[in-house]
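Now for the letters of each chain:
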Amino acid sequence: MRTRAVPPAIKRKKGEGQWALGYREPLNKNEENKKNDDGLNVRRRIIDVYSKNGFDSIDPADLRGRFRWMGLYTQRKPGIDGGKTGALEDEELEDKYFMMRIRIDGGQLDGPQLRAIADISTLYARGTADITDRHNVQLHWVRIEDVPAIWDRLAEVGLHTTEACGDVPRTIIGCPLAGIAEDELIDATPNLRDIHDRYIGSPEFSNLPRKYKTALSGCTSHCTVHEINDIAFVGVVNENGETGYQVFVGGGLSTNPMFSKSLGVFVRPEQTHEIWHGVTSIFRDYGYRRLRSRARLKFLMKDWGPEKFREVLEKEYLGYALPDGPEPAAPRPGRDHTGVHRQKDGNYYVGFAPRVGRVNGELLGVIADLANEYGSGRVRTTLEQKLVILDVPQERTEELAAKLAGHDLHVNPSVFRRHMMACTGIEFCKLAITNTKQRAMDLMDELEKRLPDFDQPLTININGCPNSCARVQVADIGLKGQLVVDENGDQVEGFQISLGGQLGGAFGKKVRGLKTTSAGLTDYVERVVRKFDEQRTDGETFAEWA
Ligand code: SF4
């Protein structure tokens, strides 16, 4: 009897969990949690149950998952060293207190808002307050019992923490000088508010494959880091002389850094929310949900390319074709917002530098008072962990600068203070391996002493782990926290070093084995900076030199 040959097994490509292709069943724990309950629903439980019954009453799926939708993370227990990160269970690593991220879309605050944040910090967060590199303020030591009162106080002034973390549209970043910069093409504030008011907190986008970052700016200096956002609108004038936006999609850092790609379109300001809706819907429907490590929009863009992305956007989501836009402008260094500069209405803005974004409730109260006394009360947070007071008459700027300096807030800081950033690090972050904030402050103080005359722009960004909350890959000197082996063969806290990263240019070069212990950090950075200063030619930047 003849037997039939068994056909070779058909090799199926494993699905990526894309909803639009029919993969609706969750393929991992995170997707399962999101399917079980919308993250936004946790707000009610926090108010009605957890804040009344205390930390131990919190369902673990809420605590380590959905709380993020409300801007809350448990913080790291004090005293657990970096070597234990990843080796301990969550319960062993986490404290019964929270980090709370207050959303400040566009970095725009008025007097009562800054005062409210200052009061909350003092009353409920042991005075902590850090300015992040996406405009937000992060508080620590928050108790679950106090969360409803904090939300009430924020709501009184039009602020909130909804979708400040989680697989959702995060804080929308904008130019800190929107509406006041003399050279801006378009004030993007109304478009930014429009997207915020329509879609933030909406169940339509409360279950995305991963976090989703938006930038929207109409200024000419490209300071909103559009190259590393999931979606970015950048002001432009087209060939007909109309002002609108170019659109960039699919940028992001973390462990697989990628720069965004231009879709090649021109968007009129009134279309902005529609385009944002379309691109975000593509991410929700076609984004990869199987592996968390491949879930950011950049991976879909890498596979599709900008032409296909644009085609799907136009055909499946908008139902119309967008006009072509101008070629993207060459990358240029973003504006540094410190110093005293003229606004378009003739008043002045005064930008100053807290050390790596670290302030406190009392200091925020002082800044709020100064902004009221010398300006209109309006304050902006920047993407470099700095602050700007707006609307100051020219004749009062010097006095304001002197008062700020009295609080160690310098309008003309050293290059090290001006350009250094650090993430949260081991002090509070459960993923951290190294200390970052204090390390950065010590480094800054020491470099100011050792290199008092160095005056070239130089960014030094410090992360406490391989994630990239402080954008290490696009810094002149990027320091990524990890354990390293010291001269005695012991594992100690240290950093992997990358050099010469530049937005729109190239990511920092990682030289194999280029690492330093934390103890050797200052000497290492000093050596590199001195070498650059000796060898650079006129006008040569650090990235070009490195
Ligand atoms: Fe935490 Fe790492 Fe982000 Fe720093 S870079 S805040 S250590 S996750």
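Fair warning: this is a prediction, and the values are worked out from it, not measured in the lab.

A. Up close: the overall build of the protein. The helix and strand tally for the protein stands at 15 helices and 20 strands. Computed over the C-alpha atoms, the radius of gyration of the protein is 24 Å, within 12% of the 24 Å expected from 2.2 N^0.38 for a compact globule of 546 residues. Dimensions of the protein, computed from C-alpha atoms along their principal axes, come out at roughly 100 × 65 × 55 Å.

B. Geometry of the sheet that holds strand S16 (residues 420–422). Sheet architecture is open: five strands sit in the order S16-S17-S18-S19-S20, paired in mixed fashion. Looking at the sheet topology across the chains shown, the edges are occupied by S16 and strand S20 (509–517). Direction aside, neighbouring strands of the sheet carry axes that sit 25° apart on average. Bridge analysis of strand S19 (residues 491–499) against S20 gives five bridges, and the strand direction is antiparallel.

C. View of the packing of helix H5 (residues 111–124) against helix H6 (residues 147–156). Their axes nearest at 10 Å, the elements H5 and H6 cross at an angle of 165°. Classed by the angle they form, the pair H5 and H6 counts as roughly antiparallel. In this structure, the crossing between H5 and H6 has a hand that is right-handed. Together, Ala 116, Asp 119, Ile 120 and Tyr 124 of H5 and Ile 150, Arg 153, Leu 154 and Glu 156 of H6 make up the contact between the two elements.

D. Spatial organisation of the pairing of strand S5 (residues 137–142). Here S5 lies mainly inside the structure; five of its six residues are buried. By the bridge criterion, four bridges tie strand S2 (residues 94–102) to S5 in an arrangement that is antiparallel. Paired with Ile 102 across the bridge in S5 is Val 137. As paired elements, strand S4 (residues 128–131) and S5 share two bridges and run antiparallel to each other. What sits directly across from Ile 131, in S5, is Val 137. The loop that links S4 with its antiparallel partner S5 comprises five residues; one of these, His 135, has a positive phi angle of about 75°.

E. Quick look at the site of the ligand. Residues in close proximity to the ligand include Cys 423, Thr 424, Gly 425, Cys 429, Leu 431, Ala 432, Asn 463, Gly 464, Cys 465, Asn 467 and Cys 469, which together make up its full environment. Split into classes, the residues belonging to the shell around the ligand amount to six nonpolar, five polar and no charged.

F. Fine view of helix H2 (residues 42–53). Among the residues of H2, Val 42, Arg 43, Ile 46, Tyr 50 and Ser 51 are the ones counted as buried. All buried residues of H2 fall inside an arc of 90° around its axis, so they share one side. Residues of H2 that are exposed and angled more than 90 degrees away from the buried face: Arg 44, Asp 48, Lys 52 and Asn 53. Gly 54 sits one or two residues past H2 and shows a positive phi near 90°.

G. Looking closely at helix H10 (residues 361–374). With 14 residues, H10 extends 20 Å between its outermost C-alpha atoms, agreeing within 8% with the 20 Å of an ideal straight helix rising 1.5 Å per residue. Listed in full, the buried residues belonging to H10 are Gly 361, Leu 364, Ile 367, Ala 368, Leu 370, Ala 371 and Tyr 374. The elements touched by buried residues of H10 are H5, S4, strand S13 (358–360), strand S14 (379–381), strand S15 (387–392) and helix H11 (397–405).

H. Inspection of the packing of helix H13 (residues 437–450) against helix H14 (residues 521–535) at higher detail. Running from N to C, H13 and H14 point in directions that differ by 45°, and their axes come no closer than 10 Å. By the criterion of interaxial angle, the relationship of H13 to H14 is oblique. Pair H13 / H14 crosses with right-handed handedness. On H14, the residues that touch Arg 439, Leu 443, Glu 446, Leu 447 and Arg 450 of H13 are Leu 521, Thr 522, Val 525 and Glu 526. Across the contact of H13 with H14, the residue classes break down as four nonpolar, one polar and four charged.

I. Representation of the UniProt feature "domain: Nitrite/sulphite reductase 4Fe-4S" (unreviewed entry) in the protein within the structure. Within this numbering scheme, the UniProt entry marks residues 166–316 and 418–540 as carrying the feature "domain: Nitrite/sulphite reductase 4Fe-4S" (unreviewed entry). Along residues 166–316 the backbone is 30% helical and 15% strand, and the end-to-end C-alpha distance reaches 27 Å. Between the end C-alpha atoms of residues 418–540 there is a gap of 19 Å, over a span that is 25% helix and 28% strand.

J. Summary view of unusual backbone geometry. If you check the backbone angles, Val 356 has positive phi at about 40° while not being a glycine. Its location among the elements puts Val 356 in the loop between strand S12 (348–352) and S13. Non-glycine residue Gln 385 carries a positive phi angle of around 65°. By secondary structure assignment, the location of Gln 385 is in the loop between S14 and S15. Here Gln 385 falls in the buried class, since 24 other C-beta atoms lie within 10 Å of it.

Reading the values: the criteria
- Residues numbered from 1 in each chain as written.
- Predicted model: local features only at pLDDT ≥ 70, side-chain atom pairs only at ≥ 80, totals over all residues.
- Helix = DSSP H or I, 4+ residues; strand = E, 2+ residues; numbered from the N terminus.
- Rg over C-alpha atoms; globule rule 2.2 N^0.38 Å.
- Pairing = 2+ DSSP bridges.
- Axes fitted to C-alpha atoms, helices over the stretch in contact; angles between N-to-C directions.
- Parallel < 35°, antiparallel > 145°, perpendicular 65-115°, else oblique.
- Left-handed = near helix turned anticlockwise from the far one by under 90°.
- Contact = placed C-beta atoms within 7 Å.
- Buried ≥ 20, exposed ≤ 12 C-beta atoms within 10 Å, placed from the backbone.
- Near = placed C-beta within 6 Å.
- Nonpolar A, V, L, I, M, F, W, Y, C, P; charged D, E, K, R; others polar.
- Arc of directions from axis to C-beta.
- Expected span 1.5 Å × (residues − 1).
- UniProt positions renumbered as here; feature names shortened; annotations may be inferred.

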